[in-house]
Amino acid sequence: MNRKEIWVYLERNQEEIEEVSLEILGKANELGKKSGMPVVGVVLGNDPGDLGNIALKHGADVVIFLKDPLLESYSTEDYTKALFEMIGKRTPEIFLLGATYQGRDLAGRLSARLRTGLTANVVSLDIGEDGYLLSGVPGYGSKVLAEIVCVRNKPQMSTVRPGIFNKTVIPNEAGIVEVVDIDLKDSVSRVKVLSRKVEKHPDLSRAEKVVIAGNGVEGNLDMVARLADILGARLGVSRPIADKGKASRELQVGSTGYSLNAKLVLIFGVSGAEHFLPGIANCQTVISINVDRESGIFEYSDYCIVADASKIIPILLKEGGDR
Amino acid sequence: MRNIIVCIKIVPKAEDMNFDPETRTMKRGGVENQINEADKNAIELSLRIKEKSGGRVVLLSMGPPFFDQYLKIGIAMGADDAILLSDRLFAGADTFATSATLSAAVRKIGDYDLVLCGEETSDGGTGQVPSQLAELLDLPQMLFVSEADIDGNSVKARRTIKGGYETVESGMPAVLSIELGINQPRFPDFRRKRWADKEFSLTVWSASDLGIKPELTGTSGSYTIVKRLTEFSTHQRQRISVAGTVEQQADKIMEILRESR
C-alpha cells in the first residue's frame, strides 16, 4: 500500500524550525483535511532533539527525521541526495518548501533530479477539483495571479513565500516521529563552506510595526532608523537601498524580500515600484510620506502625506519622545 | 581560464505590461525589452574575471531571432561571443525545459570553467534555472553570489544565506547565480557596438543544431503549466490625503500611531 502524502520540508535553524516551515505545515494541514492526505514534515540532520514534536504541534501528522552526521549542516548535494532517495521510496504527491535561500537552493536541484515540476515563490495553495495542487504566483508586478499546476510527474513541488500563511497550533496526540538512519557514507558535496557570518534576528514578516526607507531618503537612513527605534518599530528598506549595500538584504521589503504582515507601516521615499508592492499587500494600515505628489506609492496607501522626510522626521522624533 | 558562459534573458520592462481581463493574457504589444538587470551584473562580473584571470566570455540566450540586438549590446560591453537559441520548438518552456535547452547549448559550447546566471529574472522571478541547470550539467552550484574570485582551478565566492553570508569554494566548472546590483555594469562601448552591429555575426542554434530531442524542449519539455490567470485583487487602500503644515501632518501620523495600538 502506498498512501498519498503531502510533504513539507522543515528547514532547521540551529535547534529550531524556520517559521516559514511551520506556516506551510498549517496550510498543508488544511489541504490534507480537504484531500484526505496526511501531512509529513521532513527534517534532515544528526540530532532530532525536539524538532519532531514542534512540527507535530503545528500541523504535521507524521515527522520523518533523516539522520546522518553528514546532514548536520546544509549542503545542496548531500541534502538533495538524501531527499531524492527518500522521495523515491515513499513517492509523496506534493512537496512544499519555504522560499528561503536554502529552500530555493535545494528545491531547484532536487526538482531537476526528480524530473518534476517546481513552482517558485507561491502566495496561495489549493487543491483543484481534479486533485492537482494549484500554486498561485503573482506575475508582472502583481497585476495578475497565475495558478500553476505540475502535470507530468510527482511530487508536485512548490516553494512558498515566508509570511503568507499563518502558523497555527493544531493539537495532535497521535503523531509520530520516525527517525530514519540513511547512512550516506561519504559526502558528495563539491562546495566547501570556508566561513559563515550570520546575525540572528526575527524576520521582518513578523513585525507589528515597520518603518520603511526607500531611495528618496537614502541620505537620511540614520534618521529613519532612529525613528523606527523611537516608535518601537522595525526598520525595512526598499530594494535599491539593499542593492547599494546601504542595508542588509534581511531588511528588504518586496517581491524579492519580505512580505510584511504588520498592523502599521510608515513608508518614506518609496516610489511604489512593482517589486515593492507585494511586500506591503498584507499590511493593515499603510502611511506613505513622499515629497513627490505624483508618487505611485500613494495609490497603495491609506494615508498619503506629501512632505519632505528630512523636515517631518525630526518633528516625529520629537513628538515620539526623542531626546 | 577557459570559457565563461553567461546565460542571459531578454525580459519585458515590467511597467509596460498590462493584464487584459477579456482575453486573460498579458498585453505585450509595444512593450520594450531589455537584458534582465541581474544578468547584466553577471556579464559585468564575467568581464572582470576575464580581465584578471583570462578566458573568453560567451553570452547565451534563448528567444526569437530579433533578440540578437540585445546580445549585441552584451558584445559591445566586452563579451567575446554570443549564441542565441532560437526555434519555435523552444516556445512555452518552463524553467526545467529552459534549463534542459541551455544545458545542451552549454555542452555544445564546451571547454568552460564557469556558467554564470543572474539570481532571478524580473519577469518570471523564479531563480530556478541556475540550480536546475547545475543539476542537469552535474556541476556544483553556488547561488546568490555577490563576489567571486578565481584561484587556480577553483572558484571562491561569497553567497548570501539567511541572516548573512558564507564564503564558499568549489572546483571548476561550476554554476554561479549572481545577485542583483552587486556591481555597476559597464556601458556598451560605442565603437564596439558599431562593430557588433556591422560585422559581428551572432551564432543562432536551433533544436536540431543542439541535437536536443524536441520533446525535451518548449511546452512539451515542461512539467508545469499555467492553469489560469486571474487579475490580482489587492486590498483597496483608503488613499486619504493628509494636507496642512508639516507639523499638522506629523500630528496626524502620531494620532494614527496611537490609534493603531
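Residues numbered from 1 in each chain as written. Chains lettered and ligands numbered in written order. Predicted model: local features only at pLDDT ≥ 70, side-chain atom pairs only at ≥ 80, totals over all residues. Heavy atoms only, no water.

Quick look at the overall build of chain B
Inference 1: When helices and strands are tallied, chain B shows seven helices and 15 strands.
Inference 2: Along the first, second and third principal axes, the C-alpha set of chain B runs to 65 × 45 × 40 Å.
Inference 3: Looking at chain B as a whole, 54% of its 261 residues are labelled buried.
Inference 4: A sequence separation of at least 24 residues applies to 72% of the contacts in chain B between residues at least 6 apart.
Inference 5: Only carbon and sulfur atoms are counted for the fraction: they give 47% of the accessible area of chain B, which is about 11,900 Å². (Helix = DSSP H or I, 4+ residues; strand = E, 2+ residues; numbered from the N terminus. Buried < 20%, exposed > 50% of the residue type's maximum accessible area, 1.4 Å probe, protein only. Contact = heavy atoms within 4.5 Å. Areas by Shrake-Rupley, 256 points an atom, 1.4 Å probe, with all protein chains shown as cover.)

Observations regarding the overall build of chain A
Inference 1: Of the regular secondary structure elements, chain A holds seven helices and 18 strands.
Inference 2: Against the 2.2 N^0.38 benchmark of 20 Å for 323 residues, chain A shows a C-alpha radius of gyration of 22 Å, consistent with a compact globule.
Inference 3: If one aligns the C-alpha atoms of chain A with their principal axes, the spans along those axes are about 70 × 45 × 40 Å.
Inference 4: The buried share of chain A, taken over its 323 residues, is 60%.
Inference 5: Pairs at least 24 residues apart make up 63% of the contacts formed inside chain A by residues separated by at least 6 positions.
Inference 6: For chain A, the exposed surface amounts to about 12,900 Å²; the carbon and sulfur share of it is 48%.
Inference 7: Computing the positive centroid from 39 side-chain charges and the negative centroid from 43, chain A places the two 2 Å apart. (Rg over C-alpha atoms; globule rule 2.2 N^0.38 Å. Lys, Arg positive; Asp, Glu negative; His and termini not counted. Charge placed at Lys NZ, Arg CZ, Asp CG, Glu CD.)

Some words on the sheet that holds strand β10 (residues 144–150) of chain A
Inference 1: A sheet is described by the order of its strands in space; here four strands give the open sequence β8(A)-β9(A)-β10(A)-β14(B), paired in antiparallel fashion. Each edge of the open sheet is held by one strand with a lone partner, namely β8 (124–127) of chain A together with β14 (224–231) of chain B. In this sheet, adjacent strand axes meet at a mean angle of 30° when their direction is disregarded.
Inference 2: Pairing between β10 of chain A and β14 of chain B: seven bridges, direction antiparallel. Looking at the pairing, V149 of chain A lines up with I225 of chain B of β14 of chain B.
Inference 3: Strand contacts of helix α1 (residues 19–35) of chain A: β8 and β9 (133–139) of chain A, with the helix running at about 15° to β8 of chain A, the strand carrying the most contacts. (Pairing = 2+ DSSP bridges. Axes fitted to C-alpha atoms, helices over the stretch in contact; angles between N-to-C directions.)

Focus on the side chain of E23 of chain A
Residues and elements named next belong to chain A.
Inference 1: Looking at the secondary structure, you find E23 in helix α1.
Inference 2: E23 sits in the buried class, given a relative accessible area of 2%.
Inference 3: Once residues lying within four places of it in the same chain are set aside, the contact partners of E23 are R161, P162, G163, I164, F165, N166, K167 and R206.

Side note on the interface of chain B and chain A
Inference 1: In this assembly, 74 residues from chain B lie in contact with 82 residues from chain A.
Inference 2: In this assembly, chain B packs against chain A so that about 7,100 Å² is buried in total across both faces, 56% of it on carbon and sulfur atoms.
Inference 3: On the chain B side of the contact with chain A, K162, Y223 and R237 of chain B bury the most area, a combined 12% of that side's loss.
Inference 4: In this structure, the connection of chain B to chain A is made through 10 salt bridges.
Inference 5: Contributing elements (two or more residues each) for the side of chain B that touches chain A: β3 (18–20), α4 (129–137), β9 (141–151), β10 (154–161), β11 (164–171), β14, β15 (240–241) and α7 (246–259) of chain B.
Inference 6: The greatest single-element share of the side of chain B that touches chain A, amounting to 10 residues, is contributed by α7 of chain B.
Inference 7: The residue inventory of the side of chain B that touches chain A, partitioned by class, reads 29 nonpolar, 26 polar and 19 charged.
Inference 8: Where strand β18 (residues 303–306) of chain A and β15 of chain B come together, two bridges link them in parallel fashion. Bridge assignment links C304 of chain A to a residue of β15 of chain B, and that residue is S241 of chain B. (Buried area = accessible area lost by both parts, 1.4 Å probe. Salt bridge = Lys/Arg side-chain N within 4 Å of Asp/Glu carboxyl O. Nonpolar A, V, L, I, M, F, W, Y, C, P; charged D, E, K, R; others polar.)

Remarks on the pairing of β9 of chain A
Residues and elements named next belong to chain A.
Inference 1: Of all seven residues that make up β9, seven are buried, and the element is covered over most of its length.
Inference 2: Residue alternation in β9 divides its side chains into two sets, L133, S135, V137 and G139 and L134, G136 and P138, and both sets are buried.
Inference 3: By the bridge criterion, four bridges tie β8 to β9 in an arrangement that is antiparallel. Note that in β9 the partner of S124 across the bridge is G136.
Inference 4: Once β8 ends, the chain turns through five residues before running back antiparallel as β9, passing G131 with a positive phi of about 90°.
Inference 5: Sheet topology places β9 next to β10; five bridges connect them, and they run antiparallel. In the strand pairing of β10, S135 is matched with I148.

Concerning the nonpolar core
All names here are of chain B.
Inference 1: Residues V6, L59, L114, L116, M142, V155 and L176 are the most contacted members of the largest nonpolar core, which totals 37 residues.
Inference 2: Here this core takes five residues from helix α1 (residues 37–53), the largest share from any one element.
Inference 3: If we ignore the near neighbours within four places in the chain, the residues touching L114 are M1, N3, I4, I5, I49, I150, V155, M172, A174 and L176. (Core = buried A, V, L, I, M, F, W, Y, C linked by side-chain atoms within 4.5 Å.)

Considering the domain arrangement of chain A
All names here are of chain A.
Inference 1: Taken as a whole, chain A is organised into domain 1 (6–181) and domain 2 (204–319).
Inference 2: Each of domain 1 and domain 2 has a C-alpha centre, and these two points are 32 Å apart.
Inference 3: Taken together, the contact between domain 1 and domain 2 spans 12 residues of the former and 12 residues of the latter.
Inference 4: Notably, a salt bridge pairs E23 with R206, separated by 2.1 Å at the nearest N-O pair.
Inference 5: Connecting domain 1 to domain 2 are four residue pairs in polar contact (both at pLDDT 80 or more).
Inference 6: With three residues, the single largest contributor to the side of domain 1 that touches domain 2 is α1. (Domains from an automatic or database assignment. Polar contact = N/O pair within 3.5 Å; in protein donor to acceptor, adjacent residues only side chain to side chain.)

Thoughts on the sheet that holds strand β7 (residues 81–85) of chain B
Inference 1: Judged by pairing direction, the sheet is mixed, and its 10 strands sit side by side in the order β13(A)-β11(B)-β10(B)-β9(B)-β12(B)-β8(B)-β1(B)-β6(B)-β7(B)-β13(B) without closing on themselves. Across the chains shown, the open sheet's two edge strands, defined by having one partner strand only, are β13 (191–198) of chain A together with β13 (203–205) of chain B. Pairwise comparison of adjacent strand axes, ignoring direction, gives a mean angle of 30° for this sheet.
Inference 2: Across the sheet, helix α2 (residues 68–77) of chain B lies against β6 (57–62) and β7 of chain B, angled at about 160° from β7 of chain B, the strand it touches most.

So, the pattern of salt bridges
Inference 1: Within this structure, the stated rule accounts for 41 salt bridges over all chains.
Inference 2: One salt bridge connects E135 of chain B with R113 of chain A, and the closest N-O pair in it is separated by 2.8 Å. With E135 of chain B in helix α4 and R113 of chain A in helix α4 (residues 101–114), the pair connects residues from two separate chains.
Inference 3: According to the relative accessible area criterion, R113 of chain A is partly exposed, its value standing at 24%.
Inference 4: Between K40 of chain B and E37 of chain B there is a salt bridge whose closest N-O contact spans 3.9 Å. Residue K40 of chain B and its partner E37 of chain B are located together in helix α1, separated by three residues, close to a single helical turn.
Inference 5: With relative accessibility at 23%, the residue K40 of chain B sits in the partly exposed group.
Inference 6: Counted as one network, the salt bridges with shared partners bring together E19, E23, K167 and R206 of chain A.

Structural notes on the pairing of strand β1 (residues 3–7) of chain B
Residues and elements named next belong to chain B.
Inference 1: Counting buried residues along β1, five of its five residues qualify, which places the element largely inside the surrounding structure.
Inference 2: Relative to β6, β1 runs parallel, the two being bridged by four bridges. Considered in β6, the bridge of I5 is made with V58.

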